[in-house]
Amino acid sequence: MGKNSDKMAITAKGLKLMIAGLIVMVAGFLLLSGGGSNDPQVFNYAMFDFRRLVAAPIVIVAGIVVEVIAIMGKFNENKGE
């Protein structure tokens, strides 16, 4: 085995970014929720507001971008070497 066999595939900074991206995506899905109606015969226009149509998808895509950066990014953890 080589010198690199003892290194982790993901760094601590990458792991923190992955957790942050997950939290951002969960926040986006929470923004997306709601707007239903208890009576199926009554149409509720609240499900077509800015929060559900614009803000929530932008937050979810931002979380996915953070995840991609966390996975694909190369972070140097060699401060002492």
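From a predicted model like this one, the values you see are computed outputs, not experimental measurements.

Peer 1: Let's hear about the packing of helix 1 (residues 12-32) against helix 2 (residues 50-72): which residues, and what values?
Peer 2: The relative placement of two packed helices comes down to the angle between their axes together with the axis-to-axis distance. One way to put it is that helix 1 packs onto helix 2 with a least axis distance of 8 Å and a crossing angle of 165°. One way to sum up the angle between helix 1 and helix 2 is to call them roughly antiparallel. In this structure, the crossing between helix 1 and helix 2 has a hand that is left-handed. Split into classes, the residues belonging to the contact of helix 1 with helix 2 amount to 18 nonpolar, four polar and three charged.

Peer 1: Lay out the environment of Asn44 with the relevant residues and their values.
Peer 2: With respect to the helices and strands, the residue Asn44 is situated in the loop between helix 1 and helix 2. Setting aside residues up to four positions removed in sequence, Asn44 forms contacts with Gly35, Gly36 and Ser37.

Peer 1: Before we move on, could you go through a nonpolar patch on the surface and cite the residues and values that matter?
Peer 2: A surface patch of nonpolar side chains, about 880 Å² in accessible area, is lined by Phe43, Tyr45, Met47, Phe48, Phe50, Leu53, Val54 and Ile58. The topology assignment puts Ile58 in helix 2.

Peer 1: For helix 2, give the residues involved together with the corresponding values.
Peer 2: Spanning 23 residues, helix 2 covers 32 Å between terminal C-alpha atoms, matching the ideal 33 Å at 1.5 Å per step. A bend of about 30° at Ala56 is the largest found in helix 2, and the proline Pro57 appears one to four places after it. When we look at burial in helix 2, the residues that qualify are Arg52, Ala56, Ile60, Gly63, Glu67 and Ala70. Lining the buried residues of helix 2 we find helix 1.

Cut-off values and rules
Residues numbered from 1 in each chain as written. Predicted model: local features only at pLDDT ≥ 70, side-chain atom pairs only at ≥ 80, totals over all residues. Heavy atoms only, no water. Axes fitted to C-alpha atoms, helices over the stretch in contact; angles between N-to-C directions. Helix = DSSP H or I, 4+ residues; strand = E, 2+ residues; numbered from the N terminus. Parallel < 35°, antiparallel > 145°, perpendicular 65-115°, else oblique. Left-handed = near helix turned anticlockwise from the far one by under 90°. Nonpolar A, V, L, I, M, F, W, Y, C, P; charged D, E, K, R; others polar. Contact = heavy atoms within 4.5 Å. Patch = residues over 30% accessible without salt bridge, like charges linked within 9 Å, V, L, I, M, F, W, Y side chains within 5 Å. Areas by Shrake-Rupley, 256 points an atom, 1.4 Å probe, with all protein chains shown as cover. Salt bridge = Lys/Arg side-chain N within 4 Å of Asp/Glu carboxyl O. Expected span 1.5 Å × (residues − 1). Bend = angle between axes of the 7 residues up to and from the residue. Buried < 20%, exposed > 50% of the residue type's maximum accessible area, 1.4 Å probe, protein only.

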